[in-house]
Amino acid sequence: MKGKFVTIEGCEGVGKSTQLRLLKEYCETHGINAMFTREPGGCVISEKIRGVILDPQNADMSDMTELLLYCAARSQHTETVIKPALENGVTVFCDRYSDSTAAYQGYARGIDAITVEALNRAAMCGVKIDCTVFIDVPPDKGFERKGGAKQTDRLECETLEFHRKVYEGFKAIIEKEPERFLRFKADGTKYETHAQIVEALSSRGVF
Ligand SMILES: Nc1ncnc2c1ncn2[C@@H]1O[C@H](COP(=O)(O)OP(=O)(O)O)[C@@H](O)[C@H]1O
Ligand SMILES: [Mg+2]
């Protein structure tokens, strides 16, 4: 692939969207050809699937259905948006990606790792992540930052115990593949974290 693929991961309210906004401004200022997208979503079909996944009225959705919907959304988004951009040399930044599926549907919901990994691999359509920015803030603090869970988001409305499992899941994923991750404690201002992220991405050859 000609372009670099960077994903941003972490629990709810840790500052992923905030950092992506700052990175977008940085890319615009520095004339970097970058695309910013998100999961679940990022294209028409996948945004519709996002609506089904996050709808709080779908409280009886089974864990396997949830996993398959995330992967369905990912495969459409990857094949039609991410892959063509990377082939054209565009740097792609994605708000959440396969590690969120491994942490939420694997570690927190408890679906076995072999199934999650196989579906994630299929949904990634041969694309490889160059590096992943992990914003390392525990869920208690994340929810405090954002002033509580958004009532329109089925996953956010899960228990704090669930979100703690997600956080432990992310840390286990990083241990398995430490070289892919750039980890930030994000305990300073959003601008301080932004500066650290830019420096780390530069050292990885993304900028
Ligand atoms: N470094 C920071 N320190 C304190 N609050 C922050 C910081 N970064 C972001 N925030 C605030 O935390 C809240 C959640 O941030 P957001 O970017 O929406 O998180 P996410 O996309 O990870 O859910 C927002 O109100 C945001 O302004
Ligand atoms: Mg966000």
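Preceding block: the structure.
Because the structure is a prediction, the values reported are computed rather than measured. (Residues numbered from 1 in each chain as written. Chains lettered and ligands numbered in written order. Predicted model: local features only at pLDDT ≥ 70, side-chain atom pairs only at ≥ 80, totals over all residues.)

Novice: Looking at this structure, I do not really get the packing of helix H2 (residues 44–54) against helix H3 (residues 63–87). What am I missing?
Specialist: Helix-helix packing is characterised by the crossing angle of the two axes and by the distance between the axes. Two elements in contact, H2 and H3, have axes separated by 8 Å at closest approach and are oriented at 165 degrees. The orientation of H2 relative to H3 falls into the category roughly antiparallel. Where H2 crosses over H3, the two elements pack in a sense that is left-handed. In this structure, H2 contributes Ile 45, Ser 46, Ile 49, Arg 50, Val 52 and Ile 53 to the contact, and H3 contributes Glu 66, Leu 69, Tyr 70, Ala 72, Ala 73, Gln 76 and His 77. Across the contact of H2 with H3, the residue classes break down as 8 nonpolar, 3 polar and 2 charged. (Axes fitted to C-alpha atoms, helices over the stretch in contact; angles between N-to-C directions. Helix = DSSP H or I, 4+ residues; strand = E, 2+ residues; numbered from the N terminus. Parallel < 35°, antiparallel > 145°, perpendicular 65-115°, else oblique. Left-handed = near helix turned anticlockwise from the far one by under 90°. Contact = placed C-beta atoms within 7 Å. Nonpolar A, V, L, I, M, F, W, Y, C, P; charged D, E, K, R; others polar.)

Novice: Help me understand the sheet that holds strand E5 (residues 181–184) in this model?
Specialist: Note: strands within a sheet are paired through backbone hydrogen bonds, in either parallel or antiparallel orientation. With parallel pairing, 5 strands are arranged side by side in an open sheet as E2-E3-E1-E4-E5. Strand pairing shows two members of the sheet lacking a second neighbour, strand E2 (34–38) and E5, which therefore form its edges. Averaged over neighbouring strand pairs, the angle between their axes works out to 20 degrees when direction is ignored. Set on the sheet, helix H1 (residues 16–29) makes contact with strand E1 (5–9), E2, strand E3 (91–95) and strand E4 (131–135); between it and E3 the angle comes to about 160 degrees. (Pairing = 2+ DSSP bridges.)

Novice: When you look at the pairing of E4 in this model, what are you seeing that I'm missing?
Specialist: It is a general feature of regular strands that their side chains alternate between the two faces of the sheet. Within E4, 4 of the 5 residues are buried, leaving the element largely enclosed by the surrounding structure. Summarising the sheet, E1 and E4 pair through 4 bridges and their orientation is parallel. Within the sheet, the bridge partner assigned to Glu 9 lies in E4 and is Phe 134. As paired elements, E4 and E5 share 4 bridges and run parallel to each other. By the bridge assignment for E5, Thr 132 is matched with Phe 181. (Buried ≥ 20, exposed ≤ 12 C-beta atoms within 10 Å, placed from the backbone.)

Novice: Quick question: what am I supposed to make of the site of ligand 1 here?
Specialist: Gly 15, Lys 16, Ser 17, Thr 18 and Arg 145 are the nearest of the 14 residues found near ligand 1. Partitioned by chemical class, the residues of the shell around ligand 1 number 2 nonpolar, 7 polar and 5 charged. (Near = placed C-beta within 6 Å.)

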